[in-house]
Amino acid sequence: MTPHGHPGADLWLDYAAGQLDRPTCSLLEGHLAFCEACRKQARAATAPGGAALAEAPEAPVPSRLLDGILARLKPPTPPQVGREVLPLPRALWPLLPALDGTAWRQALTRGFRFLEAAPGLYLIHMRRGCPFPAHGHRGLERCLILSGGLRDGHRVLEAGDFDETAPEEVHSPVALPDEDCWLLASLEGGIRFQGWRGVLQRLAGA
Ligand SMILES: [Zn+2]
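Nothing here was measured: the structure is a model prediction, and the numbers come from that model.

The rules behind the values
- Residues numbered from 1 in each chain as written.
- Predicted model: local features only at pLDDT ≥ 70, side-chain atom pairs only at ≥ 80, totals over all residues.
- Heavy atoms only, no water.
- Phe/Tyr/Trp six-rings, centres within 6.5 Å; stacked < 30°, edge-to-face > 60°.
- Buried < 20%, exposed > 50% of the residue type's maximum accessible area, 1.4 Å probe, protein only.
- Helix = DSSP H or I, 4+ residues; strand = E, 2+ residues; numbered from the N terminus.
- Donors = N, O, S within 2.8 Å, 3.2 Å for Na, K, Ca; no water.
- Tetrahedral: all angles 85-135°; square planar, octahedral: opposite > 155°, others 65-115°.
- Contact = heavy atoms within 4.5 Å.
- pLDDT = per-residue confidence, 0-100.
- Salt bridge = Lys/Arg side-chain N within 4 Å of Asp/Glu carboxyl O.

Right, let's talk about the packing of aromatic side chains for a bit. In the structure shown here, the tally under the stated rule is five aromatic pairs. Between Phe112 and Phe114, the ring centres sit 6.3 Å apart and the planes meet at 50 degrees, which makes this aromatic pair tilted. In terms of burial, Phe112 and Phe114 fall into one category: buried. Measuring from ring centre to ring centre gives 4.1 Å for Phe112 and Phe132, while their planes differ by 35 degrees; the resulting arrangement is tilted. Of the two residues, Phe112 is situated in strand β4 (residues 112-118) and Phe132 in the loop between β5 (121-126) and β6 (135-137); the sequence distance between them amounts to 20 residues.

If you want it as structure tokens, here you go:
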């Protein structure tokens, strides 16, 4: 399935120029695993002439050399938390070393857990049908849906979709009812809960 939500052309140019922070790079690289159109765009942005090179016929690799390379490759394994295998695209497997179950953190809501995959980058698991309470942000929030999907206001985001939420926007995403939703999100400066959770958050000084 082709994603509907894509990083904008400006982001790919910033990516190519090395001007994005690591969390945003990870979201873009994860999106590439889902999106042929953006793979072309990223290739064109990062390597002038790269698109033409990619379409050239590949030179044959001597079979003995190839056998040697294959023999040295360790079988890749997807990242796990405890015994739970995470649904990350292969390009992002190096992001997460093996973690134990204590890496998960809970938010002030049921059916929602998250862990910090890297500084500023969060892996989020929402149980099917569960909402995340209304909140705003102290900076831009970006996300990449890894599997399942969620409804966010009038938007429905599904696997591979990249999305941005502006700091002033208050939103309350809800996981779609038929499947758990896994996503990666980057946050500039954390979130601000609304309602009683916001009161608790302010009392806690968070
Ligand atoms: Zn795309």
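The protein atoms that coordinate the zinc ion are His6 (ND1), His31 (NE2), Cys35 (SG) and Cys38 (SG), at distances of 2.0 to 2.4 Å. Each of the four donor atoms bound to the zinc ion contributes to angles spanning 100 to 115 degrees, and the resulting shape is tetrahedral. All donors to the zinc ion come from one chain, and their sequence spacing reads H-x24-H-x3-C-x2-C. Neither His31 nor Cys35 differs from the other in exposure class; each is buried.

Here we come to the environment of Leu184. Structurally, Leu184 can be placed in strand β12 (residues 181-187). Apart from residues lying up to four places away in sequence, Leu184 is in contact with Leu27, Leu88, Leu92, Leu121, Tyr122, Leu123, Arg142, Cys143, Leu144 and Leu146.

What follows deals with the confidence of the model for the protein chain. Residues at a pLDDT of 70 or more form 77% of the protein chain, whose mean pLDDT is 81. Per-element mean pLDDT across the protein chain ranges from 42 in helix α4 (residues 50-55) up to 96 in strand β11 (residues 174-175).

As a further point, take the side chain of Thr165. Its location among the elements puts Thr165 in strand β10 (residues 162-165). Beyond its immediate sequence surroundings of up to four residues, Thr165 is in contact with His137, Gly139, Leu140, Glu141, Asp152, Arg155 and His171.

In this section: the pattern of salt bridges. A complete count under the given rule lists nine salt bridges for this structure. Of the charged contacts in the structure, one is a salt bridge between Glu36 and Arg39, with a shortest N-O distance of 2.7 Å. Of this pair, Glu36 and Arg39 both sit in helix α3 (residues 36-46), three residues apart, which is roughly one turn of the helix. On the basis of relative accessible area, Glu36 is assigned to the partly exposed category, the value being 39%. A salt bridge links Asp180 to Arg128; its shortest N-O distance comes to 3.4 Å. Of this pair, Asp180 sits in the loop between β11 and β12 while Arg128 sits in the loop between β5 and β6, and the two are 52 residues apart along the sequence. Overall, Arg128 belongs to the partly exposed group, its relative accessible area being 49%. One connected set of salt bridges, linked through shared partners, spans Asp152, Arg155, Asp163 and Glu169.

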